[in-house]
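# Overview (structure and organization)
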Amino acid sequence: MTDIIDILTGIEPGSTLDEIRRTREQARDNAQRSFEVLFEPEDPGTFSLAERYAVAAYTVALQASASPAARFYTELLEDEVSPELAAAVAELAKADRCEGPYGEYKEAGLAAESAPGPTVSYAQRPDFVSERLATALEHAHLLSLHPRDAEATHLRRLEDAGWNADDIVTLSQLISFLAFQIRVVDGLLALKEAA
């Protein structure tokens, strides 16, 4: 079975890093299965593969533009959907990239740890980025860079753009999985470099 994390890190079968990953076989299998369920489902339902690839390309470019994962998901979007959409998503991520996490704590004891940061709105977007996809990218920005600012109004915005409850859960899982995947890839690449 092809393992996406092995591909992103260039891990060869039988290598030291391969042996390290095999010590946690269940974690390795679960990470691969998560990728397959989120990006290669038998029935994607109303959350299309094109939307999944676009959200992934945006999220990874936003969180870790130098990661091999950024190149992977951008190329996936480019090859499977549209070079124009891939370019538009890459431009949006580049424009929206900033340091995080940030946001405002509502709790009095944590208020001193609040850090300001920008929100994004894609009212002005390229023609081939639908309102539905635009709201998904806004959600990816929210969860990636300022999750403490999440409010029910953000979910209503997704619903208003045509996202149902199942799709919103899957969208949020996809964004969370990518954060996990980026950290695993970065850690393995650091180990590879140190070896």
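Look a little higher up for the structure.
Below: a short report on this structure. (Residues numbered from 1 in each chain as written. Predicted model: local features only at pLDDT ≥ 70, side-chain atom pairs only at ≥ 80, totals over all residues. Heavy atoms only, no water.)

### Focus on the overall build of the protein
From N to C terminus, the protein includes nine helices and zero strands. Counting from the amino terminus, the protein carries its helices and strands in the arrangement α-α-α-α-α-α-α-α-α. Once the C-alpha set of the protein is aligned to its principal axes, its extents read approximately 50 × 45 × 30 Å. Sorting the 195 residues of the protein into buried and exposed places 43% on the buried side. If you take every contact in the protein between residues at least 6 apart in sequence, the share linking residues at least 24 apart comes to 70%. About 10400 Å² of surface is accessible on the protein, with carbon and sulfur atoms providing 52% of the total. (Helix = DSSP H or I, 4+ residues; strand = E, 2+ residues; numbered from the N terminus. Buried < 20%, exposed > 50% of the residue type's maximum accessible area, 1.4 Å probe, protein only. Contact = heavy atoms within 4.5 Å. Areas by Shrake-Rupley, 256 points an atom, 1.4 Å probe, with all protein chains shown as cover.)

### Here we look at the packing of helix α3 (residues 25–39) against helix α4 (residues 49–63)
With their axes 9 Å apart at the nearest point, α3 and α4 run at an angle of 125° to one another. Regarding the angle of α3 to α4, the classification is oblique. For the pair α3 and α4, the contacting residues are V37, L38 and F39 in the first and L49, R52, Y53 and A56 in the second. In terms of residue class, the contact of α3 with α4 is made up of six nonpolar, no polar and one charged. (Axes fitted to C-alpha atoms, helices over the stretch in contact; angles between N-to-C directions. Parallel < 35°, antiparallel > 145°, perpendicular 65-115°, else oblique. Nonpolar A, V, L, I, M, F, W, Y, C, P; charged D, E, K, R; others polar.)

### Digging into the side chain of E138
Positionally, E138 belongs in helix α7 (residues 131–145). What E138 contacts, discounting residues up to four positions off in sequence, is V120, S121, Y122 and R157.

### Considerations on the packing of aromatic side chains
Across all of its chains, the model carries seven aromatic pairs by this definition. When the centroid spacing of 5.2 Å and the interplanar angle of 40° are considered together, the rings of F39 and Y73 count as tilted. Note that F39 is positioned in helix α3 and Y73 in helix α5 (residues 68–80), a separation of 34 residues in sequence. Since its relative accessible area comes to 1%, F39 is described here as buried. With a relative accessible area of 0%, Y73 lands in the buried category. Their ring planes at 85° and their centres at 4.9 Å tell us that F72 and Y73 sit as a pair that is edge-to-face. Taken together, the ring pairs in this structure connect F35, F39, F72, Y73, F177 and F180 into an aromatic cluster. Of note, R52 hangs over the ring of F47, and the distance from its end group to the ring centre comes to 4.6 Å. When the ring centre of W163 is taken as origin, the NZ or CZ atom of R132, which lies over that ring, is 3.8 Å away. (Phe/Tyr/Trp six-rings, centres within 6.5 Å; stacked < 30°, edge-to-face > 60°. Lys NZ or Arg CZ within 6 Å of the ring centre and 35° of its normal.)

### Some remarks on a negative patch on the surface
Taken together, the side chains of E75, E78, D79 and E80 present a region of like negative charge at the surface. Here E80 lies in helix α5. We classify E80 as exposed; its relative accessible area is 53%. (Patch = residues over 30% accessible without salt bridge, like charges linked within 9 Å, V, L, I, M, F, W, Y side chains within 5 Å. Salt bridge = Lys/Arg side-chain N within 4 Å of Asp/Glu carboxyl O. Lys, Arg positive; Asp, Glu negative; His and termini not counted. Charge placed at Lys NZ, Arg CZ, Asp CG, Glu CD.)

### A word on the pattern of salt bridges
Counted under the stated rule, the structure contains twelve salt bridges. Between R21 and D6 there is a salt bridge, with its nearest N and O atoms 2.6 Å apart. Here R21, found in helix α2 (residues 16–22), pairs with D6, found in helix α1 (residues 4–9); they are 15 residues apart in sequence, far enough to count as distant. In this pair, the class of R21 matches that of D6, namely buried. The partner of R132 in a salt bridge is E51, with the nearest N and O atoms 2.6 Å apart. With R132 in helix α7 and E51 in helix α4, the pair connects residues that are 81 residues apart, well separated along the chain. Like R132, the residue E51 is buried in the burial classification. Via salt bridges that share partners, D3, D6, D18, R21, R22, E25 and R28 belong to a single interconnected network.

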